[in-house]
Amino acid sequence: MSILNDLRKSVIDGDMVLTQELMQKALLESLPPEQILKEGLINGMAEVGRMFECGEYFVPEMLIAARAMKSGLTLLRPHLIKANIQALGKVVIGTVQGDLHDLGKNLVGMMLEGAGFEVVDLGVDISPQKYVEAVKEHRPDFVACSALLTTTMPRMKDVVLLLGEAGLRDQVKVMIGGAPVTEKYAADIGADLYTPDAASAASRAQELVNKQR
Amino acid sequence: MTEREVIKMVLEGRKPSYVPWSFGFTKEAKAKLRSHFSPVELEDALHDHLLKLGSDIGFFTELGNNRVQDVFGVVWDRSIDKDIGNVEGCVLPEPTLKHYSFPDPLDRRFFDDITGRIARYGNRFRVFQIGFSLYERAWTLRGMQNLLMDFYDYPEFVHELLNTIADYNIAQVQEALKYDIDAVYFGDDWGQQRGLQMGPKLWRDFIYPVLGRMYAAVHKGGKYVFIHSCGDVDELFDDLIGIGLDCFNPFQPEVMDVAALIQRYHGRLVFHGGLSTQKTLPNGSVEDVRAETRRLLALGREGGYIFAPAHDVEGDVPLENMLAFVELLQSQPGYRNKE
């Protein structure tokens, strides 16, 4: 359907105004909300992720694409709720205790949202206890932890440990990322998923959820 | 031969009698070293070959509650990062400079200590530091996400902002050139763990021409240009050499192939840095640190290299690991401290 193709393209181009116009048009034409979400917004952000991973897009292009996607999603959301369309899953995300860097965490959150997840952003400097409380409150499928520094990275291990102590470890998957974080570190601390960037964080989380279904 | 002459040899592409060095440490790491070397002052114990002048991060007013304000009006939260801090709030909430005045580039605090420090450490190679020298100054004023989107939303504003920052820096360079300095050491992080934050196209369109103006001001005074820029930025080296860059730091081994780059750019670009601060220094053993240091010294034997950890060493690095590289550097054949 060309309107959804155009919508998808407007997201990829980061053209927020056009995304909003096309979303209104799609809604006026009574296209199914789930189809608009998947073919327009999620497909658009998946392409943004692909372009980021292969080095065609960088942070600015990702930011304006996510902004366009979000503006479209805001218009679409009431229709998704009315049609009882559920999110792909829920993610609680934050930057770990002692670390105030938020850009990487924000990009991961945006890409997860663009992949169809509901994202609960706890912010920065989040203690292991706060992650545990958020898991109890929001019952997410994933806990996502970000750290930029070697000095704060060890807090990720504390999150995994405390989730275990609280008896919640089997209920959530822990995904981690940030400049000093590696696949090996994720394995060492017992995290479920490491990804090197925001785009692969979204696509890998999507794969894991689809595999479980 | 003085430390200053050794660094000059390296910058001229000649083979030095040993690999020179200049380290950086955060406050926490410095505290460990200070108690180890006490009563000798750290600056005297380490025998850095670069004499750092001016200020890399600028001057701050205490606001209380772990908050400080820089001369540009930016408030920094130092409750966690005690050395630099994290920006709080936004000095330029709108994409305009209409309601903003830049500080005085000739603020005497940037220049007052130059003469005294040159008198005390005259054997060392003198670098006047200008930190946050372009993109970083822009995002600390405007907010990083705002600025990254401004490249597309308000390109004229970004050009104006970057050029105004460059004018401020060039005024500082011209003042610094009145002293007997050897180089200007700019700082400006453009990279991520993989690739550039803003990508090569926006970097070339917006940042590169302005860097060219700043570097030209230094070369016009007959001095060398150094840049510190974190992350995976080696794709820019040829462009940077094209506008007169002489030395690149931090040369992070986690994001670039340090051995291949030293060889490829020998005679064209000097590297300062190279020792892993993301892996080896915090997580490796003393022997790991020694082995990596020895590898770097072997790579730098023919010149083109100034040793350093690839970032200011953080507080999570054991004292023994810091001493491991300091001792190897200072015990090189051919090096004898004359201070």
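Computed from a prediction, not measured in an experiment: that's the story for all the values here. (Residues numbered from 1 in each chain as written. Chains lettered and ligands numbered in written order. Predicted model: local features only at pLDDT ≥ 70, side-chain atom pairs only at ≥ 80, totals over all residues.)

### Focus: the overall build of chain A
Here is step 1: When helices and strands are counted, chain A shows nine helices and five strands.
Here is step 2: Rg of the C-alpha trace for chain A: 17 Å, near the compact-globule value of 17 Å for 213 residues, within the 12% margin.
Here is step 3: Taken along its principal axes, the extent of the C-alpha atoms in chain A is 50 × 35 × 30 Å.
Here is step 4: The burial tally for chain A puts 51% of its 213 residues in the buried class.
Here is step 5: Sequence-distant contacts, at least 24 apart, represent 75% of the contacts inside chain A between residues at least 6 apart. (Helix = DSSP H or I, 4+ residues; strand = E, 2+ residues; numbered from the N terminus. Rg over C-alpha atoms; globule rule 2.2 N^0.38 Å. Buried ≥ 20, exposed ≤ 12 C-beta atoms within 10 Å, placed from the backbone. Contact = placed C-beta atoms within 7 Å.)

### What to know about the overall build of chain B
Here is step 1: Of the regular secondary structure elements, chain B holds 13 helices and eleven strands.
Here is step 2: Here the C-alpha atoms of chain B give a radius of gyration of 20 Å, agreeing with the 20 Å that 2.2 N^0.38 yields for 339 residues.
Here is step 3: Taken along the three principal axes of its C-alpha coordinates, chain B extends 60 × 45 × 40 Å.

### So, the interface of chain A and chain B
Here is step 1: In this assembly, 17 residues from chain A lie in contact with 22 residues from chain B.
Here is step 2: When residues in the side of chain A that touches chain B are grouped by element, the largest group, four residues, is from helix α4 (residues 59–82) of chain A.
Here is step 3: Across the side of chain A that touches chain B, the residue classes break down as ten nonpolar, five polar and two charged. (Nonpolar A, V, L, I, M, F, W, Y, C, P; charged D, E, K, R; others polar.)

### Digging into unusual backbone geometry
Note on backbone geometry: most residues besides glycine have negative phi, and most peptide bonds are trans.
Here is step 1: Note that the residue after Ser38(B), namely Pro39(B), is joined by a cis bond; omega there is 10 degrees.
Here is step 2: Structurally, Pro39(B) is set in the loop between α2 (27–37) and α3 (42–46).
Here is step 3: Of the consecutive residues Asn249(B) and Pro250(B), the connecting peptide bond is found in the cis state with omega at 20 degrees.
Here is step 4: Within the secondary structure, Pro250(B) sits in the loop between β9 (247–249) and α10 (258–264).
Here is step 5: Residue Asp125(A) is not a glycine yet carries a positive backbone phi of 55 degrees.
Here is step 6: Its place among the elements puts Asp125(A) in strand β2 (residues 117–126).
Here is step 7: Given 21 C-beta atoms within a 10 Å radius, Asp125(A) is considered buried.
Here is step 8: The phi angle at His47(B) is positive, at roughly 55 degrees, despite the residue not being glycine.

### A closer look at the environment of Tyr185(B)
All names here are of chain B.
Here is step 1: Within the secondary structure, Tyr185 sits in strand β7 (residues 183–187).
Here is step 2: The spatial distance from the C-alpha of Tyr185 to the C-alpha of Ser133 is 9.6 Å, given a sequence separation of 52 residues.
Here is step 3: Residues contacting Tyr185, with those up to four places away along its chain left out, are Val127, Phe128, Gln129, Phe226 and His228.

### Focus: the environment of Leu7(A)
Residue and element names in this part refer to chain A.
Here is step 1: Topologically, Leu7 is positioned in helix α1 (residues 2–12).
Here is step 2: Looking at Leu7, the number of C-beta atoms within 10 Å reads 28, which means it is buried.
Here is step 3: Along the sequence, Leu7 and Glu47 sit 40 residues apart, while their C-alpha atoms lie 13 Å from each other.
Here is step 4: What Leu7 contacts, discounting residues up to four positions off in sequence, is Thr19, Leu22, Met23, Ala26, Gly40 and Gly72.

### Quick word on the pairing of strand β6 (residues 125–130) of chain B
Each regular strand shows side chains that alternate between the opposite faces of the sheet.
Here is step 1: Judged by how many residues are buried, β6(B) sits mostly within the fold: six of six residues are covered.
Here is step 2: The side-chain alternation of β6(B) yields two buried faces, one formed by Phe125(B), Val127(B) and Gln129(B) and the other by Arg126(B), Phe128(B) and Ile130(B).

### Points about the packing of α1(A) against helix α3 (residues 33–53) of chain A
Residues and elements named next belong to chain A.
Here is step 1: Close contact between α1 and α3 brings their axes to 8 Å; oriented N to C, the two are set at 35 degrees. Regarding α1 and α3, the two cross each other, and that crossing is right-handed. Residue-level inspection shows Leu4, Leu7, Arg8, Val11 and Ile12 of α1 in contact with α3, the latter providing Ile36, Glu39, Gly40, Leu41, Asn43, Gly44, Met45, Glu47 and Val48.
Here is step 2: Classifying every residue of the contact of α1 with α3 gives eight nonpolar, three polar and three charged. (Axes fitted to C-alpha atoms, helices over the stretch in contact; angles between N-to-C directions. Left-handed = near helix turned anticlockwise from the far one by under 90°.)

### Focus on the domain arrangement of chain A
Residue and element names in this part refer to chain A.
Here is step 1: One can read the domain layout of chain A as domain 1 (2–82) and domain 2 (89–212).
Here is step 2: Distance from the C-alpha centre of domain 1 to the C-alpha centre of domain 2: 25 Å.
Here is step 3: In this assembly, ten residues from domain 1 lie in contact with twelve residues from domain 2.
Here is step 4: Of all elements in the fold, only α3 and α4 reach the threshold of two or more residues within the side of domain 1 that touches domain 2. (Domains from an automatic or database assignment.)

### Some words on the sheet that holds strand β11 (residues 305–309) of chain B
Residues and elements named next belong to chain B.
Here is step 1: Pairing is parallel in the open sheet, where seven strands are placed in the order β1-β6-β7-β8-β9-β10-β11. The sheet is open, and its two borders are formed by β1 (50–55) and β11, each paired with just one other strand. For this sheet, the mean inter-axis angle between neighbouring strands, taken without regard to orientation, is 25 degrees.
Here is step 2: Bridging between β7 and strand β8 (residues 224–228) involves five bridges; their strand directions are parallel. When the bridges of β8 are listed, Ala183 appears paired with Tyr224. (Pairing = 2+ DSSP bridges.)

### As for the packing of helix α6 (residues 128–138) of chain A against helix α7 (residues 155–165) of chain A
Residue and element names in this part refer to chain A.
Here is step 1: Running from N to C, α6 and α7 point in directions that differ by 45 degrees, and their axes come no closer than 8 Å. Classified by the angle their axes make, α6 and α7 are oblique. Seen from above, α6 lies across α7 with right-handed handedness. Residues Pro128, Gln129, Tyr131, Val132 and Val135 of α6 pack against Arg155, Asp158, Val159, Leu162 and Leu163 of α7. (Parallel < 35°, antiparallel > 145°, perpendicular 65-115°, else oblique.)

### Quick word on the pairing of β11(B)
All names here are of chain B.
Here is step 1: The buried fraction of β11 amounts to five of the five residues, a majority that puts the element mostly inside the structure.
Here is step 2: Both strand β10 (residues 270–275) and β11 contribute to a ladder of five bridges, which runs parallel. Bridged to Phe271 within β11 is Tyr305.

### Describing the sheet that holds strand β5 (residues 86–88) of chain B
All names here are of chain B.
Here is step 1: If you walk across this open sheet you meet the four strands as β2-β3-β4-β5, and the pairing is antiparallel. Two strands close off the open sheet at either side, each with one partner strand: β2 (60–64) and β5. The sheet shows a mean angle of 40 degrees between the axes of neighbouring strands, direction not considered.
Here is step 2: In this structure, strand β4 (residues 75–77) lies alongside β5, joined through three bridges in antiparallel fashion. Considered in β5, the bridge of Trp76 is made with Val87.

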